[in-house]
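Structure assessment
The lines below spell out each chain.
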2 protein chains.
Amino acid sequence: MSDLLERLRGRGWRMTAQRRVVAEVLDGEHVHLTADEVHSRAVDRLPEISRATVYNTLGEMVSLGEVVEVSTDRRAKRYDPNAHRPHHHLVCARCGAIRDVHPSGDPLADLPADERFGFTVSDVEVTYRGVCPSCAAAA
Amino acid sequence: MSDLLERLRGRGWRMTAQRRVVAEVLDGEHVHLTADEVHSRAVDRLPEISRATVYNTLGEMVSLGEVVEVSTDRRAKRYDPNAHRPHHHLVCARCGAIRDVHPSGDPLADLPADERFGFTVSDVEVTYRGVCPSCAAAA
DNA sequence: TCCTACGATGGACTTTGTCTAAGTCAAGTG
DNA sequence: CACTTGACTTAGACAAAGTCCATCGTAGGA
């Protein structure tokens, strides 16, 4: 049984076939699918599921804080079910592969007061870019 | 005379009215315009300039390394002519205002080898989020 | 001044995402 | 177990951001 599904159920989420399928597709580690990828995988299990439902469902999971949006490339948003361990992302510039990473140190603390321009800074998002082992081997 | 224009000229870039206008619109500090904003400002000076030209020109400036793409919100890419001083961005979550910031410390060094998954990591992009002084005052 | 390759144009097309009106169904009630 | 109701789903239209292409125009060298 999917962890994500378990958590959502525990919040009194109304359960439907569509929501179950979306949650199942999205479950796991290092999972970073676009809405479209989620939709096409969902369709494999539930052919009549609509795009709008996938978007709605993803949006709700994000509001509930069970999934986070990531935009590592400049195309579509990706959805990351690993919302309970704060982490950043490492992206392959060639193939787009994404890994979750946990840097040491706190980037928030690295922003001096005189570089804050009076902002109340609450959050930081870090994206590392490089080349993954298999792309490096292929080169 | 625009710094950016000066640099581009120095690289043997073929100069046209359209390219000049785009470079002029984009020049300055803390400038982070979307392609569409660049286009509409360019149109003020050169009414017949086309969208495709603005996109092409911005794309070339990016390839030449004279301008960097930033995607701070999840909508349109923004273009930052401040390409020669490495920096990160601080974004207001309410109004979208963007400032260039220079954190102390090196986030690249904060990524331990065992969190690199064999990647050759070459670059980091950091986006701070918060609330700017004027939005805080308005709240 | 003339040529020509590079740049510009605009309109069609694609991708990603949002909205709406109408139909469907999960789950609480009796 | 059937009923009811409001929340959920659907298809398709719409919108925003960006790309592509055939054709025309022009910067800059000969």
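Note that the structure is a prediction, hence the values are computed from the model and not measured. (Residues numbered from 1 in each chain as written. Chains lettered and ligands numbered in written order. Predicted model: local features only at pLDDT ≥ 70, side-chain atom pairs only at ≥ 80, totals over all residues. Heavy atoms only, no water.)

1. Some remarks on the pattern of salt bridges
Scanning the entire structure with this criterion turns up 14 salt bridges over all chains. Residue A:Glu66 pairs with A:Arg11 through a salt bridge whose shortest N-O separation is 2.9 Å. Of the two residues, A:Glu66 sits in the loop between α4 (51-63) and β2 (68-70) while A:Arg11 sits in the loop between α1 (3-9) and α2 (17-26), which places them 55 residues apart along the sequence. Residues B:Glu24 and B:Arg45 are paired through a salt bridge, measuring 2.8 Å at the closest nitrogen-oxygen approach. Pair noted here: B:Glu24 is in helix α2 (residues 17-26) and B:Arg45 is in helix α3 (residues 35-45), with a separation of 21 residues, a long-range link. (Salt bridge = Lys/Arg side-chain N within 4 Å of Asp/Glu carboxyl O. Helix = DSSP H or I, 4+ residues; strand = E, 2+ residues; numbered from the N terminus.)

2. Looking at the interface of chain B and chain A
At the interface, 40 residues of chain B touch 40 residues of chain A. Summing both partners gives a buried area of about 3,300 Å² for chain B against chain A, and 57% of it is carried by carbon and sulfur. Considering only the side of chain B, the residues that lose the most area to chain A are B:Arg74, B:Phe119 and B:Tyr128, jointly responsible for 21% of the buried surface there. For the interface between chain B and chain A, the tally reads 2 salt bridges. Close ionic contact of A:Glu125 with B:Arg129 constitutes a salt bridge, the shortest N to O distance being 3.4 Å. There are 16 residue pairs in polar contact (both at pLDDT 80 or more) connecting chain B and chain A. (Contact = heavy atoms within 4.5 Å. Buried area = accessible area lost by both parts, 1.4 Å probe. Polar contact = N/O pair within 3.5 Å; in protein donor to acceptor, adjacent residues only side chain to side chain.)

3. Some remarks on the relation of the copies chain B and chain A
Of the transformation superimposing chain B on chain A, the axial component is 0.0 Å and the angular component is 179°, with the fit at an RMSD of 0.2 Å. As the rotation angle and translation indicate, the two copies are arranged about a two-fold axis. For chain B, the residue whose C-alpha comes nearest the rotation axis is B:Val126, separated from it by 2.3 Å. Of all interface residues in chain B, 100% are interface residues in chain A too; the two copies therefore contact each other through one and the same surface. (Least-squares fit on C-alpha atoms with pLDDT ≥ 70 in both.)

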